[in-house]
Each structure stands twice: as structure tokens, then as C-alpha cells.
Amino acid sequence: MIDYAIWFAFACFGAALLMNLWKIVTAEGVGDRVLALDTMVINAIALLVLFGMSNGTEIFFEAAMIIAMLGFVSTVAYARFMLRGNIIE
Amino acid sequence: MILTLSELLITISLMLAGVFGFVGSFGLIKLPDPMSRLHAPTKATTLGVGGVLIASLIHALMIEGTPSFHELLITLFLFLTAPVTANFIAKAHIHRHVEKADLPDPSPDQSWAGLTIGEDVQDDAEASDA
């Protein structure tokens, strides 16, 4: 039962990742692209945790944590660059 | 019995997580204007990842028998950072695409974040001249 649920979640988050990629390609402005990249990072975290769950290992949690932190910092840096034209003043 | 119950819980939270993640990214494509597009990923996707992490927590505790709390750390971090990123992206959008005249008036001592102080001071000076 759990295997089917894990595969269902894999399919959902994989489709979500593809839709984010589509949004990055077709977006009109840079703000939408940053938003799509942020969503992509969050979906990638979910996929990593799911992969760790289906393999029964714990080593992917560190990777997920690091991706979460890097995603936050990079989104804030992008937003700040859009806002000020500069990241570290 | 307990094993079946925990399997059921894991399955339910995984299904919910998948649906929320899918809806969040679908809303990113489907919704008409940028400010409403901000809703879909930041709320639904956070719930989606939260569901996956809860499922993983129960999985580690009940099926594999090794309790781990890394997942709570990731959940907490995402719940803290998602509103901050949404706020930053909204500020950048206001700064780039919205005119000050289109916004509702802020309360007397404050101005809209994302519009620079210089513009506000200039506008106030013009208003007091007129």
C-alpha cells in the first residue's frame, strides 16, 4: 500500500517539476521565473525525501536540508537583485 | 493492527501531499496575474512538502523502527522561510510593475515597502506644495 502511495507522490511531484520548468521557459517577466525556481527547489526537496523513503535510507535528509537552505538564500538574493539592482551594498 | 494503522496514515498523508504539490504547480501555470500566482506555490507546495515529511516521520518511526527528527527540522525551516520568500517576491513585483497611484493609501506614518523612500519624499513634497 505504501509503495503505491510513494509512486503516486513521485508522479505528482515529477509532473509538478515539469510544469515549473514549462513556466520558467514561457514566463513573461523575471519575477515569475524566480517564483517558478523557488517552487522547483521545494518540489526537489519533496522528491529527495520521497526517494530516501522508498530506498529506506536516511542519507538524503542532509541533502534535502542543504537544498532547502540554498534555495531560500538564492531566492532572497534574486529578489534583492530585482529590488535594488545589487545584492551586497 | 498498529502497523496497518500507521501504513494507512502514511498513505493518506502521501496522497494529500502529492495532490497539494501538483495543484500548487498547476496554479503557477493557470492563475491569471502575478500576485495571485504567488498564492499557489507558496501555500500549496509548503503543505505538499509538509505532508511528505510527516509521512517520512511516521515511516521512520513505525516501519523501520528508528525514530528520526531531521524531518521536523526541514518542516520548520520551510514553514519559516516560505512566507519570507513570498514577501520578498511580492515586494519586487510592487517595485517593478505597480504605480504608487494604483495602491491603496497606507496608514499615515508609513509607506509601501518596495517603493523607494526618495519617491515617497518627493511625492509628499509635491503634495504639500499643491
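Our subject in this report is the structure included herewith.

Analysis parameters
- Residues numbered from 1 in each chain as written.
- Chains lettered and ligands numbered in written order.
- Predicted model: local features only at pLDDT ≥ 70, side-chain atom pairs only at ≥ 80, totals over all residues.
- Contact = placed C-beta atoms within 7 Å.
- Helix = DSSP H or I, 4+ residues; strand = E, 2+ residues; numbered from the N terminus.
- Nonpolar A, V, L, I, M, F, W, Y, C, P; charged D, E, K, R; others polar.
- Axes fitted to C-alpha atoms, helices over the stretch in contact; angles between N-to-C directions.
- Parallel < 35°, antiparallel > 145°, perpendicular 65-115°, else oblique.
- Left-handed = near helix turned anticlockwise from the far one by under 90°.
- Core = buried A, V, L, I, M, F, W, Y, C linked by C-beta atoms within 7 Å.
- Buried ≥ 20, exposed ≤ 12 C-beta atoms within 10 Å, placed from the backbone.

## Some remarks on the interface of chain A and chain B
The figure often quoted for interface size is the accessible area lost as the parts come together. Contacts between chain A and chain B engage 40 residues on the former and 43 residues on the latter. Within the residue set of the side of chain A that touches chain B, elements represented by two or more residues are helix H1 (2-26), helix H2 (30-55) and helix H3 (60-84) of chain A. Of all the elements, H2 of chain A adds the most residues to the side of chain A that touches chain B, at 14 residues. Grouping the constituent residues of the side of chain A that touches chain B by class yields 30 nonpolar, 6 polar and 4 charged.

## Some thoughts on the environment of Leu-76 of chain B
Examined against the element boundaries, Leu-76 of chain B turns out to sit in helix H4 (residues 70-97). C-alpha separation for the pair Leu-76 of chain B and Gly-50 of chain B, spaced 26 residues apart in sequence, amounts to 9.2 Å.

## Concerning the packing of helix H3 (residues 39-63) of chain B against H4 of chain B
All names here are of chain B. Viewed as axis vectors pointing N to C, H3 and H4 meet at an angle of 175 degrees, and their least axial separation amounts to 9 Å. With respect to H4, the axis of H3 lies roughly antiparallel. Contacts from Thr-42, Thr-46, Val-49, Gly-50, Leu-53, Ser-56 and Leu-57 of H3 reach H4 at Glu-71, Ile-74, Thr-75, Leu-78, Phe-79, Ala-82 and Ala-86.

## With respect to the packing of H3 of chain A against H4 of chain B
Packing of H3 of chain A against H4 of chain B leaves a shortest axis separation of 9 Å and a crossing angle of 15 degrees. It follows from the interaxial angle that H3 of chain A and H4 of chain B lie roughly parallel. For the pair H3 of chain A and H4 of chain B, the crossing hand works out as left-handed. Tallied by class, the residues present in the contact of H3 of chain A with H4 of chain B amount to 16 nonpolar, 5 polar and 2 charged.

## Some thoughts on the nonpolar core
Counting 48 residues, the largest nonpolar core has Ala-9, Ile-45, Ala-46, Val-49 and Leu-50 of chain A together with Val-52 of chain B as the members making the most contacts within it. Elements supplying a minimum of two residues to this core: H1, H2 and H3 of chain A together with helix H1 (2-30), H3 and H4 of chain B. Broken down by element, this core gets its largest block of residues, 12 residues, from H2 of chain A. Once residues within four sequence positions are removed from consideration, Ala-46 of chain A is found in contact with Phe-13 of chain A together with Gly-21, Gly-48, Val-49 and Val-52 of chain B.

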